Amino acid sequence: MSMSNISQKEAYKIMLKDYPDVMNVAQVCEVLRIGSKSCYRLLREEQIASLRIGKIYRIPKAHLLSYLNIGTDKTASASSLSNSEVAIMHSLVDSSDVREE
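Residues numbered from 1 in each chain as written. Predicted model: local features only at pLDDT ≥ 70, side-chain atom pairs only at ≥ 80, totals over all residues. Heavy atoms only, no water.

**Considerations on the packing of aromatic side chains**
Turning to step 1, where the next piece is worked out: Tallied over the full model, the rule gives one aromatic pair.
Turning to step 2, where the next piece is worked out: Seen in terms of ring centroids, Tyr40 and Tyr57 are 5.8 Å apart; in terms of plane orientation they differ by 55 degrees. Their pairing is tilted. Taken together, the residues span a long stretch of sequence, with Tyr40 in helix α3 (residues 36-44) and Tyr57 in strand β3 (residues 56-60) at a distance of 17 residues. With respect to burial, Tyr40 and Tyr57 carry one shared label: buried. (Phe/Tyr/Trp six-rings, centres within 6.5 Å; stacked < 30°, edge-to-face > 60°. Helix = DSSP H or I, 4+ residues; strand = E, 2+ residues; numbered from the N terminus. Buried < 20%, exposed > 50% of the residue type's maximum accessible area, 1.4 Å probe, protein only.)

Written as structure tokens, this is what we have:
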């Protein structure tokens with residue numbers, strides 16, 4: 001398959017394949033090629049839906065794809081997560097590994 005035949009959706013899935021399903025700010029900055037101040041602004045303004053655990057932001061890969069308007073509903077937000085999804089996200093973050101960003 002040549003690059004000209006890859007859809008935008010497939011290209012972003014390929015681009016994110018080496019990243020975890022729940023990303024931290026540094027990883028989002030790397031993917032978007034932006035600085036941390038810009039990333040935090042996007043998160044504070046809820047342009048990118050995220051989960052906040054204490055002072056730490058966690059960004060599900062699906063929310064980053066939504067921000068990029070790739071194959072998901074643009075209106076999705078962190079508040080649209082069910083309680084079980086939030087619980088799963090919290091369980092993915094091991095408090096011993098958490099450091100302030």
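**Quick look at the sheet that holds β3**
Turning to step 1, where the next piece is worked out: Reading across the sheet, the three strands line up as β1-β3-β2 and stay open at both edges, with antiparallel pairing between neighbours. Edge strands, defined here as strands with exactly one partner in the open sheet, are β1 (22-23) and β2 (51-53).
Turning to step 2, where the next piece is worked out: As paired strands, β2 and β3 are joined by three bridges and run antiparallel to one another. Within β3, the position partnered with Leu51 by the bridge is Arg58. (Pairing = 2+ DSSP bridges.)

**What about the pattern of salt bridges?**
Turning to step 1, where the next piece is worked out: In total, this model carries one salt bridge according to the counting rule given.
Turning to step 2, where the next piece is worked out: Note that Asp21 is salt-bridged to Lys61, the shortest N-O span being 4.0 Å. Separated by 40 residues along the polypeptide, Asp21 in the loop between α1 (8-15) and β1 and Lys61 in helix α4 (residues 61-67) bring together distant segments of the chain.
Turning to step 3, where the next piece is worked out: The class for Asp21 is exposed, based on a relative accessible area of 58%.
Turning to step 4, where the next piece is worked out: The buried category is assigned to Lys61, whose relative accessible area is 15%. (Salt bridge = Lys/Arg side-chain N within 4 Å of Asp/Glu carboxyl O.)

**Re the packing of helix α2 (residues 25-32) against α3**
Turning to step 1, where the next piece is worked out: Relative orientation of the contacting elements α2 and α3 amounts to 105 degrees, with a least axis distance of 9 Å. Viewed along their axes, α2 and α3 adopt a mutual orientation that is roughly perpendicular. Across the interface between the two elements, Val25, Val28 and Cys29 from α2 touch Ser36, Cys39, Tyr40 and Leu43 from α3. (Axes fitted to C-alpha atoms, helices over the stretch in contact; angles between N-to-C directions. Parallel < 35°, antiparallel > 145°, perpendicular 65-115°, else oblique. Contact = heavy atoms within 4.5 Å.)

**Overview of the pairing of β3**
Turning to step 1, where the next piece is worked out: The buried fraction of β3 amounts to five of the five residues, a majority that puts the element mostly inside the structure.
Turning to step 2, where the next piece is worked out: Side chains Ile56, Arg58 and Pro60 of β3 all project onto a buried face; the interleaved residues Tyr57 and Ile59 project onto the opposite face, where all are buried too.
Turning to step 3, where the next piece is worked out: Relative to β3, β1 runs antiparallel, the two being bridged by two bridges. Residue pairing in the sheet places Val22 in a bridge with Pro60 of β3.
Turning to step 4, where the next piece is worked out: Hairpin connection of β2 to β3: two residues between the antiparallel strands, including Gly54 at a positive phi of 65 degrees.

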